Amino acid sequence: MALPKEFHTIAGRVNNWGRWGADDEIGTLNLITDDVVREAAREVRTGRRVPLALPLAQDGVQTGMIAGRVNPLHAMVQLNQELFGPGTVACSDDAVTMGLQAGTHWDALTHVSHSGRLYNGRPAHTVTAHGGAEFSGIDKVRHLVSRGVLLDVARARGVDRLPGGHAVTPEDLEAAEELAGTRARAGDIVLVRTGQVRVYLSGDKHGYGYPSPGLSVRCPEWFHARDVAAVANDTLTFEVFPPEIEDLWLPVHALHLVEMGMLQGQNWNLEELSTACGETGRYTFLLSAMPEPFVGATGTPVAPVAIL
């Protein structure tokens, strides 16, 4: 089924192809300049560090709905092996098999395509079985540190968790800005808290995935207008699920990754950060969210840390 006219209308308004040149592979991360990072460093007041990643474990968030996206399978490959003979230093080594988008992660710009195209107009067939992403693989993101802004939509609406199926709107984001006493600005990494990860943390991984609150198809224009560099949230699907427009699946993915060239992250645990921000009344911080540089990968695990 072809994407509807409504989708293409929004796509035309947020499209960044060519904005940073025909050879660009990192999209809105170009907005994180040296000046932006220098200003972000000023956000550190106490040095309090808040981890935002879920544990990488075999009983992780994946339920098998997406073939091949397996939770981490951890195996020991050496146990106290004396590599250089009896009495020498002994080593233990491990190996892991997992979907790169299985836990807390970033989606690379090549994670989705539409109409046969990727970000900056490149053909979708440049993602291949053997080489992965020829352009805009996650390894092209060499560093990712900026000012982070928590838009705690759940807290702004006076609830612990938004109901399943709630589409987070620009009005919700602005209410969360008012709560935070700040505005998202150029080069920021915005974290949108719905509270949905509480469902997973309570032990209900199926309920975590469906039905889920998430971003509305109206949000990409808001992020585009603010020149936000990247967005992450605390849900499995990132956008509202099931979709708000019948049979229009993953439109926010396509608008962010393909049209805007903006990284998005899923399965971030924002609960401790919400508590910390509520206690201090500060919703901005230095955020380090460095991707693992898997060459040609369309996503990567990440262990982000907010520094207040």
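Each remark here, short or long, concerns the structure printed above.
Quick look at the structure, then.

Conventions we followed
Residues numbered from 1 in each chain as written. Predicted model: local features only at pLDDT ≥ 70, side-chain atom pairs only at ≥ 80, totals over all residues. Heavy atoms only, no water. Phe/Tyr/Trp six-rings, centres within 6.5 Å; stacked < 30°, edge-to-face > 60°. Helix = DSSP H or I, 4+ residues; strand = E, 2+ residues; numbered from the N terminus. Buried < 20%, exposed > 50% of the residue type's maximum accessible area, 1.4 Å probe, protein only. Lys NZ or Arg CZ within 6 Å of the ring centre and 35° of its normal. Contact = heavy atoms within 4.5 Å. Axes fitted to C-alpha atoms, helices over the stretch in contact; angles between N-to-C directions. Parallel < 35°, antiparallel > 145°, perpendicular 65-115°, else oblique. Nonpolar A, V, L, I, M, F, W, Y, C, P; charged D, E, K, R; others polar. Core = buried A, V, L, I, M, F, W, Y, C linked by side-chain atoms within 4.5 Å. Pairing = 2+ DSSP bridges. Salt bridge = Lys/Arg side-chain N within 4 Å of Asp/Glu carboxyl O.

Here's the deal with the packing of aromatic side chains
- Scanning the entire structure with this criterion turns up 5 aromatic pairs.
- Where W106 meets W268, the ring centres are 5.0 Å apart and the plane angle is 70 degrees; that geometry is what we call edge-to-face. Within this pair, whereas W106 is found in strand 4 (residues 105-107), its partner W268 is found in the loop between strand 12 (263-266) and helix 9 (271-280), the two being separated by 162 residues in sequence.
- Given a relative accessible area of 0%, W268 falls into the buried group.
- With centroids separated by 5.7 Å and ring planes inclined at 75 degrees, the aromatic side chains of Y210 and F241 adopt a geometry described as edge-to-face. Remark: F241 occurs in the loop between strand 11 (230-233) and helix 8 (251-260) and Y210 occurs in the loop between helix 6 (205-209) and strand 10 (214-215); sequence separation between them is 31 residues.
- Taken together, the aromatic side chains of Y210, F241 and W249 make up a single cluster linked through ring pairs.
- A cation sits over an aromatic face here: R122 above F135, 4.4 Å from the ring centre.

Things to note about the side chain of Q62
- In this structure, Q62 sits in the loop between strand 1 (49-51) and strand 2 (73-82).
- Given a relative accessible area of 8%, Q62 falls into the buried group.
- Once you skip the residues sitting within four places of it in the chain, Q62 turns out to touch R69, N71, Q101, A102, K205, L236 and N267.

Topic: the packing of helix 1 (residues 5-14) against helix 7 (residues 219-226)
- Direction vectors running N to C along helix 1 and helix 7 enclose 10 degrees, while the axes themselves pass 10 Å from each other. Here helix 1 lies roughly parallel to helix 7, going by the angle between them. Two secondary-structure elements touch here, helix 1 through I10, R13 and V14 and helix 7 through P220, E221 and H224.
- In terms of residue class, the contact of helix 1 with helix 7 is built from 3 nonpolar, 1 polar and 2 charged.

Quick look at helix 8
- For helix 8, a buried count of 10 out of 10 residues is recorded, marking the element as mostly surrounded by other parts of the structure.
- Listed in full, the buried residues belonging to helix 8 are P251, V252, H253, A254, L255, H256, L257, V258, E259 and M260.
- Residues of helix 8 that are buried sit in contact with helix 1, strand 4, strand 10, helix 7 and strand 12.
- At the exit of helix 8 stands G261, carrying a positive phi of roughly 70 degrees.

Quick word on the nonpolar core
- The biggest cluster of nonpolar side chains holds 36 residues, and the ones touching the most others in it are W106, L191, W268 and L273.
- Taken together, the elements giving at least two residues each to this core come down to strand 9 (189-193), strand 11, helix 8, helix 9 and strand 13 (284-288).
- A total of 3 residues in this core trace back to one element, the largest contributor, which is helix 9.
- Once residues lying within four places of it in the same chain are set aside, the contact partners of L273 are V50, L52, L150, L191, F285, A306 and L308.

Some remarks on unusual backbone geometry
- Cis geometry is found at the peptide bond from Y210 to P211, where omega equals -10 degrees.
- Note that P211 resides in the loop between helix 6 and strand 10.
- In this model, F241 is joined to P242 through a cis peptide bond whose omega is 5 degrees.
- By the secondary structure assignment, P242 is in the loop between strand 11 and helix 8.
- Phi is positive for N80, which is not a glycine, with a value near 50 degrees.
- Residue position: N80 is located in strand 2.

Brief notes about the pairing of strand 9
- Taken across its 5 residues, strand 9 has 5 buried, putting it largely inside the fold.
- Residue alternation in strand 9 divides its side chains into two sets, I189, L191 and R193 and V190 and V192, and both sets are buried.
- For strand 7 (residues 145-152) and strand 9, the ladder comprises 5 bridges, and the chain directions are parallel. Note that in strand 9 the partner of L151 across the bridge is V192.

What about the environment of E279?
- Within the secondary structure, E279 is located in helix 9.
- Here the alpha-carbon distance between E279 and K205, two residues 74 residues apart in the chain, equals 29 Å.

Remarks on the sheet that holds strand 15 (residues 305-307)
- With respect to topology, 9 strands assemble into an open sheet ordered 1-15-13-7-9-11-12-4-14, the strand pairing being mixed. The open sheet has two edge strands, strand 1 and strand 14 (299-301), and neither has a second partner. For this sheet, the mean angle separating the axes of adjacent strands, direction not counted, is 25 degrees.
- On the sheet, helix 2 (residues 34-41) packs against strand 7 and strand 13 and is oriented at approximately 60 degrees with respect to strand 7.

Overview of the pattern of salt bridges
- Within this structure, the stated rule accounts for 17 salt bridges.
- Among the salt bridges present, the one from R193 reaches D152, with a minimum N-O distance of 2.7 Å. Note that R193 is positioned in strand 9 and D152 in strand 7, a separation of 41 residues in sequence.
- In this structure, the salt-bridge partner of R193 is E271, at a minimum N-O distance of 2.8 Å. In this pair, R193 is assigned in strand 9 and E271 in helix 9, connecting sequence segments 78 residues apart. For the residue pair R193 and E271, the accessibility class agrees, reading buried in each case.
- Via salt bridges that share partners, D152, R155, D160, R193, R198 and E271 belong to a single interconnected network.

Note that every value here comes from positions in space, so none of it alone points to a role or purpose.
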